[in-house]
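Listed below, chain by chain, are the residues.
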Amino acid sequence: MDFQIAGRTALICAASKGLGRGCAMALAREGVNVVINGRTEETLEMTANDIREAAPSVSVTTVPGDITEQATREALVDAAQGKPDILVNNAGGPPPGDFRDWDRDTWVAAVDANMLSAIELIRLTVDGMAERGFGRVVNITSSAVRVPIPVLGLSNATRAGLTNFVFGLAPSLSSRGVTINNLLPGPFDTDRLRKSKEITKHLTGNPVAGRVGDPAELGATCAFLCSVQAGYMTGQNLLLDGGLYPGSF
Ligand code: NAP
């Protein structure tokens, strides 16, 4: 299927590795020019080169920096001449732990990364998308929105906040060609899952699917949500967990 988004421009946050990278790669393969972000310049440039190799016809721009900083968010929008058509919000996940150990600064950092950064980028972009009559926002959240994970209280709380914010906003943009949806990953094969023993303890594998997800699968779903064909879908939470969630809705 031709998603009819070739020639569009996408901002993809936290895209040098893992799920963000999967989204950038999938969009580039659909002919979308991508602006990608990550804090470590070397990794970001390596990913940019991989995308250029996979999709030689698109432009790939890198904006290194921390997405929790306003300067980075503004640089991303500027890199798309202030007119991105697609925004994929993503950031590193908050650390696991016991809420008794989290002080105010820990909470503020998590709210900044997993809620406010996304909302601020939405603020910087959606009105322009609406004026131009086309826009797609995809937020990478977590299956923890549906099934909170005890050791990931910072994630459970901040992503729930973003989810409800988006649900309140999405209808006001629907008639102007702009959709906002959330992708809820279950366990995916990325560094975050591999590196954190405490997270892995709770998310080890996926006994239902018999495997964890491939970031390319999440990327392909993201590309579909950004397609012209997905224009009637907004405010939704799409769970990608290989059937792990044990409820019908
Ligand atoms: P990952 O493999 O560790 O990749 C994270 C990416 O984000 C890297 O490119 C990293 O590059 C970048 N990044 C991290 N913090 C950033 C920041 N403040 N500003 C800009 N870039 C930043 O992680 P992932 O598994 O893809 O996870 C992505 C998101 O999905 C996280 O929020 C995670 O909690 C959530 N999630 C993941 C899973 C899973 O199974 N993998 C499941 C549910 C939810 P730098 O470090 O160089 O900045």
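The model shown is predicted, which means the values in this text are computed figures rather than measured ones.

Calculation rules
Residues numbered from 1 in each chain as written. Predicted model: local features only at pLDDT ≥ 70, side-chain atom pairs only at ≥ 80, totals over all residues. Heavy atoms only, no water. 1 Å grid on protein atoms, 1.4 Å probe; cavity = no way out; pocket = protein on both sides within 12 Å on 5 of 7 lines; lining within 4 Å. Points joined across faces, edges and corners; volume = space filled by probe spheres on them. Helix = DSSP H or I, 4+ residues; strand = E, 2+ residues; numbered from the N terminus. Nonpolar A, V, L, I, M, F, W, Y, C, P; charged D, E, K, R; others polar. Axes fitted to C-alpha atoms, helices over the stretch in contact; angles between N-to-C directions. Left-handed = near helix turned anticlockwise from the far one by under 90°. Contact = heavy atoms within 4.5 Å.

Examining empty space enclosed by the protein
- The tally for this structure, following the rule as stated, stands at 1 cavity of 30 Å³ or more.
- Quantified by volume, the largest cavity comes out at close to 110 Å³.
- Lining the largest cavity are 14 residues, with Asn-89, Asn-90, Ala-91, Ala-113 and Ala-118 sitting closest to its centre.
- Among the elements of the structure, α4 (104–132) and α5 (153–174) are those that each provide at least two residues to the lining of the largest cavity.
- Counting residues per element, the lining of the largest cavity draws most heavily on α4, at 5 residues.
- Taken together, the residues of the lining of the largest cavity sort by class into 8 nonpolar, 5 polar and 1 charged.

As for unusual backbone geometry
- For Ala-14, which is not a glycine, the phi torsion comes out positive at approximately 50°.
- On the secondary structure map, Ala-14 appears in the loop between β1 (9–12) and α1 (18–29).
- Phi angles above zero are rare outside glycine, and Gln-81 is one such case at about 50°.
- Relative to the helices and strands, Gln-81 resides in the loop between α3 (70–79) and β4 (86–89).

Points about the packing of α3 against α4
- Packing of α3 against α4 brings their axes to within 10 Å, and their N-to-C directions diverge by 35°. Here α3 and α4 pass one another in a crossing that is right-handed. Each of Gln-70, Arg-73, Glu-74 and Val-77 in α3 lies in contact with α4, whose residues at this interface are Ser-117, Glu-120, Leu-121, Arg-123, Leu-124 and Thr-125.
- Partitioned by chemical class, the residues of the contact of α3 with α4 number 3 nonpolar, 3 polar and 4 charged.

Read these as spatial facts, not as claims about activity.
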